[in-house]
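Analysis of the macromolecular model
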Amino acid sequence: MLNEYETQHELNPKLWTADQCLPGKIRNGFLKIATKFYDFLEIDVPIHDIIMIGSNANYNWTEHSDIDLHVVINYLDVGDNLYLVEKYLQAKKSVWNSKYPLTFKGMNIELYAQDSNENLHSSVGIYSVLKAKWIRKPDAETISIDDDLIHQKAAPYEYEINKISSDDPEAEMKIKRLLVKLRNLRQAGLDTAGEYSVENLAYKHLRNKGLLDRLKELFRLVTMNQLTIDESVVNSLANHINKKQTLTESDWLNILRQTNGIEDAMGQWRHPGRCTMI
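In what follows, the accompanying structure is described. (Residues numbered from 1 in each chain as written. Predicted model: local features only at pLDDT ≥ 70, side-chain atom pairs only at ≥ 80, totals over all residues. Heavy atoms only, no water.)

Some remarks on the pattern of salt bridges
- For the coordinates displayed, the defined rule picks out eleven salt bridges.
- Arg177 is the salt-bridge partner of Glu160, the closest N and O atoms lying 3.1 Å from each other. In this pair, Glu160 is assigned in helix α4 (residues 147–163) and Arg177 in helix α5 (residues 171–192), connecting sequence segments 17 residues apart.
- Of the residues examined, Arg177 reaches a relative accessible area of 18% and is grouped as buried.
- Across the pair Lys174 and Asp168 runs a salt bridge, and its minimum N-O distance is 2.7 Å.
- Residue classification places Asp168 among the partly exposed positions, given a relative accessible area of 22%. (Salt bridge = Lys/Arg side-chain N within 4 Å of Asp/Glu carboxyl O. Helix = DSSP H or I, 4+ residues; strand = E, 2+ residues; numbered from the N terminus. Buried < 20%, exposed > 50% of the residue type's maximum accessible area, 1.4 Å probe, protein only.)

Describing the sheet that holds strand β3 (residues 67–73)
- If you walk across this open sheet you meet the six strands as β4-β5-β3-β2-β6-β7, and the pairing is mixed. For this open sheet the edge positions go to β4 (103–104) and β7 (133–136), each flanked by a neighbour on one side alone.
- Taken together, the two bridges between strand β2 (residues 49–53) and strand β6 (residues 126–128) define a ladder with antiparallel strand orientation. By the bridge assignment, Met52 is partnered in β6 with Tyr127.
- Each of β2, β3, β4 and β5 (107–115) is contacted by helix α1 (residues 24–41), which is oriented at about 55 degrees to β5, the strand it contacts most.
- Those strands touched by helix α3 (residues 82–99) are β3 and β5, and its axis lies near 160 degrees from that of β5. (Pairing = 2+ DSSP bridges. Contact = heavy atoms within 4.5 Å. Axes fitted to C-alpha atoms, helices over the stretch in contact; angles between N-to-C directions.)

So this is what it looks like as structure tokens:
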């Protein structure tokens, strides 16, 4: 499937010079980040190239667009089972994103290990950060988007959504971060290219697979878990008040943890609306 639409009249001036060059300082920074990402992958294979693709290497960029840096390797150099190789690289990318949420001038920097055997459509702009030259210059009038780009954009989100568990102590933070990224992903497409942008189509792909509903349901479960107090805590407090049980220090610590409470002699004076123990 290919979609074509009108684009902006220049490349993103936050990144590119008037003659479509990536300034040396920015290029060196991107190379450093991509190299660190490659080291983080923990694979001993040759780097074929480090490229920049996506909206910020084309004329359909917006203020919400990501900077897509791809480290190009041959997946077969990593292992014969391409499915396992892809899942491993997605897992490493997910951990990287959690540890290092990098941005440049307000734009998220997204790292990706791309298979050198993967072919992108001939109208997609591709800039080699490693070689400091365009592999393929973008078309200022129109741009075509194919299914491979939509899958490539959606796959990391799909992986991250599927691996979140409601029992994860960091689930709330991960869900909120993903919801913000998904909102920005869609907005980036709608701002310029509209309904047929790769970002919006990737968003719809995730929605049609039920992954956005899964994310919302996970958030509901996490919230319910936070608001639910263990029945044993209620019973312990009731027995203590009725002088049927003397609570130990560990009992009090458990009550504080279950109620998200805090121990402070000033009580509600200092912490209004929060469970406090004096």
